[in-house]
Amino acid sequence: MFGATFNFVALVAIFVLCSSTASKAIDLYVSTTGNDTNPGTLSQPFLTIPHGITQLAPGTTLWILPGTYFYPQELAIGVAGTSTAPITISGMPNQPRPIIDGRLLPFGGAHGSLLAIIAPYVNVQRLSLRNAPWPGHCLALDYAAYADISENEMTGCGVNGLWMGNGTSVAIHDNWIHHNDVINQYRNASNWGQGLGIDNCLGCVLERNLIEENYGEGLTVHKVYQWQHGCIVQANTLLDNWSVGLYLIHASNTLVQRNFVRLVNAGFFRSGYPATGLSITDETQANVTSIRSTNNTWVNNIVVGASSGWYGGAFTSDASLALGPSHAQVYYNTFSESVLTGVTIQQAPLNGEAGNIFSSNFFSMTPTAGTFTYINSSNNYVPKAGVIEFHYNAFWNSSATKLGVIGDYVVTDNPMLLALNGEESLDFFPQANSSLLGSGDPSTAPSDDFFGQQIG
């Protein structure tokens, strides 16, 4: 994973810090045919986004009209809105997204992103952010809070499509994030970023984003220095990202639900294999209790074609110090057509795994694979109560090989899904005669289904 540290050294004059108490709502406009001597109205818009940013105050919406905008410097917004008068930078409703293109930014320069938000109560909506060269992100949020980031496109950027550090109550939803982390486009970089990468966030919601064909991890939630709690990652679609589909690192108290992960495009395979599906690891400081991976829940997710459907591990200089996952709750997920394993846990049990439960999940393997579980370098790990438990899981491989089928109340019949190899979530419902129906543990059953519809 690329260490996505945001660099503010080269912020230009458009970075304006102020403490205005103004709260009157005002609309300002920018157009490729405007003039910065204009008053910024719809009929007389500004010409440049940098000039428009200098006019921001609480309650302002800066509307960017359709067109393509090029600037040789990053755009940074440091003016804070308020809870009753947020600041918004947005494309126009029901019109093509305006394109903010970073190709004039210097490659390898000190800039941190194409667009940077470094203040609370600032929304970003309906923009197309493209082509920030390495080490830039399309959109960076640092110490952002109470913000709405929605309906944007982010593509072609050197590192992340969207990176956020140290956020609070930020909603990131309905964005299209694709073909970023181009530093690794030839799959030979020593470090890489993510389509959507979060470093520390309290109470953030990542929802209904389409994250596809990024040359690094798809979506990552990362806890650094004890600051990450209570995030929700739900209803995102992650298609053919390299390395990992949906990744938690040192995360705690994160709910991962109703996400669809598909990993079938060989152009995004790593070392000949697709990415792992749902993953959690300790990458650094794995023996530090305060930042260990703990109290995370995965429920109602669908993963297709992963190397390992669910993966837990540790990547540290001394893996023997790894604490391992704690209180991982993995319920009612579908892991279809995994090519290596259904579940892999790299370091277990070592220094503190506890309360990890895999219940009522469905795993199917490709015909050449057959390992349901691969734990502590073994296909026949014996579950240990209170440490790593398996209950009511279903396993299917059309070949005769069934290695590592463990736990109690195991179902090993043909699941009779509508389309086992389907690429759409609608294909994964069991037919009326499927042995999966009624085979799960009702004590861990979710209250709603994959589509968020209440059950019963």
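Look above for the structure.
Procedures and definitions
Each chain carries its own residue numbering, running from 1 in the direction its sequence is written. Local features in this predicted model are restricted to residues of pLDDT 70 or higher, and side-chain atom pairs are both shown and tallied only at a pLDDT of 80 or more, whereas totals for entire chains, interfaces and linings draw on every residue. Think of the side-chain values as coming from all heavy atoms in the structure, minus any hydrogens and water. Think of a 1 Å grid over the protein atoms and nothing else: a 1.4 Å probe that fits but is trapped marks a cavity, an open set flanked by protein within 12 Å on at least five of seven lines marks a pocket, and residues with an atom within 4 Å of a point count as lining. Grid points are joined across faces, edges and corners, and a volume is the space filled by probe spheres set on the points. For this classification, the nonpolar set comprises Ala, Val, Leu, Ile, Met, Phe, Trp, Tyr, Cys and Pro, the charged set comprises Asp, Glu, Lys and Arg, and every other residue, Gly included, is treated as polar. Disulfides are defined as cysteine sulfur pairs within 2.5 Å. Helix and strand assignments follow DSSP, with helices taken as H or I runs no shorter than four residues and strands as E runs no shorter than two, numbered in order from the N terminus. Relative accessibility decides the category of a residue: with a 1.4 Å probe and only protein chains considered, values under 20% of the type maximum give buried, values over 50% give exposed, and everything between is partly exposed. By salt bridge we mean one thing: a side-chain nitrogen of Lys or Arg within 4 Å of a carboxyl oxygen of Asp or Glu.

Caption draft 1: Focus on the layout of surface pockets. Space inside the largest pocket adds up to approximately 690 Å³. Looking at the largest pocket, it is lined by 28 residues, and the ones nearest its centre are N300, Y332, T334, F428 and P430. Residues belonging to the lining of the largest pocket are distributed by class as follows: 16 nonpolar, 10 polar and two charged.

Caption draft 2: Up close: the state of the cysteines. Taken as a whole, this structure holds two disulfides when the rule is applied. Note on cysteine connectivity: C138 is disulfide-linked to C157, with sulfurs 2.0 Å apart. Taking the sign of the S-S torsion, 105 degrees for the link of C138 and C157, the bridge is right-handed. Highlighted residues: C138 in strand β10 (residues 137-142) and C157 in the loop between β12 (153-155) and β13 (162-168), separated in sequence by 19 residues. For the pair C138 and C157, one class covers both residues: buried. Here the cysteine-cysteine linkages of the protein chain are recorded as 1-2, 3-4, numbering only bonded cysteines and doing so in sequence order. For C231, which is in no disulfide, the shortest distance to another cysteine sulfur is to C201 and amounts to 4.6 Å. Residue C231 is classed as buried on the basis of its relative accessible area of 4%.

Caption draft 3: Summary view of the pattern of salt bridges. Inspection of every chain in the model, using the stated rule, returns six salt bridges. Across the pair R103 and D101 runs a salt bridge, and its minimum N-O distance is 2.9 Å. Looking at R103, the relative accessible area reads 55%, which means it is exposed. Taking relative accessible area as the criterion, D101 reaches 4% and is therefore assigned buried. When the shortest N-O distance is used, the salt bridge between E153 and R130 registers 3.2 Å.

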